[in-house]
Amino acid sequence: MQAADAGAGGGAEGADDGADGPGSPGGAGEATAAALGRAPPVTRPRHAPRPGGDAAATAGRTGGRTYVFALCVPFPSAVEAEIACGSLAPDAEPHGGVVEKQLTVRGSVLAVRWRATNPRLLRISIISFLDQLSLVMRTMQRFGPPATR
Amino acid sequence: MPAVLGLEGSANKVGVGVVRDGAVLANPRRTYVTPPGTGFLPGDTARHHRAVILDLLQEALTEAGLTSQEIDCIAYTKGPGMGAPLVSVAVVARTVAQLWNKPLLGVNHCIGHIEMGRLITGATSPTVLYVSGGNTQVIAYSERRYRIFGETIDIAVGNCLDRFARVLKISNDPSPGYNIEQMAKRGKKLVELPYTVKGMDVSFSGILSFIEDAAQRMLATGECTPEDLCFSLQETVFAMLVEITERAMAHCGSQEALIVGGVGCNLRLQEMMETMCQERGARLFATDERFCIDNGAMIAQAGWEMFRAGHRTPLSDSGITQRYRTDEVEVTWRD
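Note that the coordinates shown come from a computational prediction; the quantities given were computed from them, not determined experimentally.

So, helix α6 (residues 205–221) of chain B
All names here are of chain B.
- A rise of 1.5 Å per residue sets the reference length of α6, with its 17 residues, at 24 Å; its end C-alpha atoms lie 25 Å apart and thus fit the reference within 8%.
- Those residues of α6 that sit buried are I207, L208, I211, A214, A215 and M218.
- Those residues of α6 that are buried are in contact with α4 (157–167) and α7 (226–252).
- G222 lies just past α6 and shows a positive phi near 75°.

Thoughts on the nonpolar core
- In this structure, L110 of chain A together with L7 and I74 of chain B are the most contacted members of the largest nonpolar core, which totals 57 residues.
- A total of 11 residues in this core trace back to one element, the largest contributor, which is helix α2 (residues 83–100) of chain B.
- Core analysis: the next-biggest nonpolar cluster, separate from the first, contains 47 residues, V138, L193, V197 and V242 of chain B among them.

Considering the packing of helix α3 (residues 119–143) of chain A against helix α1 (residues 42–64) of chain B
- Orientation of α3 of chain A relative to α1 of chain B, taken along the N-to-C sense of each, is 25°, at an axis distance of 10 Å. The angle between α3 of chain A and α1 of chain B falls in the class roughly parallel. For the pair α3 of chain A and α1 of chain B, the sense of crossing is right-handed. In this structure, α3 of chain A uses D131, Q132, L135, R138, T139, R142 and F143 of chain A to contact α1 of chain B, whose residues at the interface are R50, I53, L54, D55, L57, Q58 and L61 of chain B.

Notes on the sheet that holds strand β8 (residues 136–142) of chain B
All names here are of chain B.
- Strand order in the open sheet formed by 5 strands is β9-β8-β7-β12-β13, with mixed pairing between adjacent strands. Edge positions in the sheet fall to β9 (145–151) and β13 (283–286), since each of these pairs with one other strand and no more. The mean angle between the axes of side-by-side strands here comes to 25°, regardless of whether they run parallel or antiparallel.
- Pairing of β8 with β9, which is carried by 6 bridges, proceeds in the antiparallel orientation. The residue of β9 that forms the bridge with Q137 is E151.
- Where helix α8 (residues 267–280) meets the sheet, its contacts fall on β7 (127–131), β12 (256–260) and β13, and the angle it forms with β13 comes to roughly 160°.

Points about the domain arrangement of chain B
Residues and elements named next belong to chain B.
- Taken domain by domain, chain B consists of domain 1 (3–114 + 291–317) and domain 2 (125–286).
- Inter-centroid distance (C-alpha atoms) of domain 1 to domain 2 is 27 Å.
- Contacts between domain 1 and domain 2 engage 16 residues on the former and 19 residues on the latter.
- The interface formed by domain 1 and domain 2 includes 0 salt bridges.
- At the boundary of domain 1 and domain 2, one finds 4 residue pairs in polar contact (both at pLDDT 80 or more).
- Residues that form the side of domain 1 that touches domain 2 fall into these classes: 9 nonpolar, 7 polar and no charged.

Conventions and cut-offs
Residues numbered from 1 in each chain as written. Chains lettered and ligands numbered in written order. Predicted model: local features only at pLDDT ≥ 70, side-chain atom pairs only at ≥ 80, totals over all residues. Heavy atoms only, no water. Helix = DSSP H or I, 4+ residues; strand = E, 2+ residues; numbered from the N terminus. Expected span 1.5 Å × (residues − 1). Buried < 20%, exposed > 50% of the residue type's maximum accessible area, 1.4 Å probe, protein only. Contact = heavy atoms within 4.5 Å. Core = buried A, V, L, I, M, F, W, Y, C linked by side-chain atoms within 4.5 Å. Axes fitted to C-alpha atoms, helices over the stretch in contact; angles between N-to-C directions. Parallel < 35°, antiparallel > 145°, perpendicular 65-115°, else oblique. Left-handed = near helix turned anticlockwise from the far one by under 90°. Pairing = 2+ DSSP bridges. Domains from an automatic or database assignment. Salt bridge = Lys/Arg side-chain N within 4 Å of Asp/Glu carboxyl O. Polar contact = N/O pair within 3.5 Å; in protein donor to acceptor, adjacent residues only side chain to side chain. Nonpolar A, V, L, I, M, F, W, Y, C, P; charged D, E, K, R; others polar.

In structure tokens:
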């Protein structure tokens, strides 16, 4: 699960942060990774600092990169995927809106997608989610199967 | 006659309880204890809760002699408390509610303490002193709300005690407050500490800074013993709590006082409150450590009242919240 750094205005799947202003070398780049064995995108070189400025200032001026992480979790049935979604979706992410998380159910798969500007908080959110997901799955294994509706 | 399952884990205690029509059918609990000189952090606490909660859930059902289908409602702590631990418990509640097709109820932790206190003691309409590691409030019921008459303006009294225990490296097993209480019994000298009642409210962070500093100085010179400091801290903070409780009782014309929350286990606090109540011709109510300390049955009991009054928490509204004021809940189950 490599997070690859794409420079120069994205082009990776799902990018929707354009370059900030004329002459800005990278705008908000985007890094995308997917679990389940897909090869990470080709790493492009970091954009060079602007003439007269340094890399940190450039990143600040353009508002920082957006990181995206996607996860697909298969369940034995659609009902169980829905239950997992119902259990894991309601709690808001900490730290205001720095990390956004979206859960959707497609058939019997729970799809989770993160967007964040802070890689450290993104990593914490993913790890925390995986811990809670594991608990939900153990709960379903131990106290399931779902009662007939 | 509804049977309600209650799940609690807002701090370092995780518990699952079952209550049906005023009877506590089960109330197993586990405490996350950290080494002396340390406190409990949210991530580690949540990890502890996740490791034991399913066993607790099974124990509760077995002890109550009920199957999942005989449970009518799943209550859990919506807040206040620590984020990750609250989430760990809430996801289990939501999962079993969906698995078993039962209604879900998010309960305010403070109201859980109050409702269990009322149930166990039979107090009709007491002035409540709610004191724990996370909360310090004086509460009285009026017109469909548990109104906060006085509270800490900074840290909870239990937090002050717990953090002082860390300075002295007092054991956290079974709880730092319990060990401070035992040491205080052997204290002989009263060290003068700041006394910080602010009208109806109290403040503890200044006392903590003062006593942390005093501990370094006075223990080094042998001016006093750790037992003297434990004794002095208790006498000071408990006197403050008695004062603000008495003030609220005077305002309300109340003849009953109820102590809830983990610090309510402290026998010295109960003794001081009893003296004040007797002087006023009022009656004091308190519970034992099964119900003072955070537990699942108190959440189940509050849930039972709420369920019968028609409250329900839809999944979309079931997110936990670290800040949840006692007076935010409309207490429709009382007149």
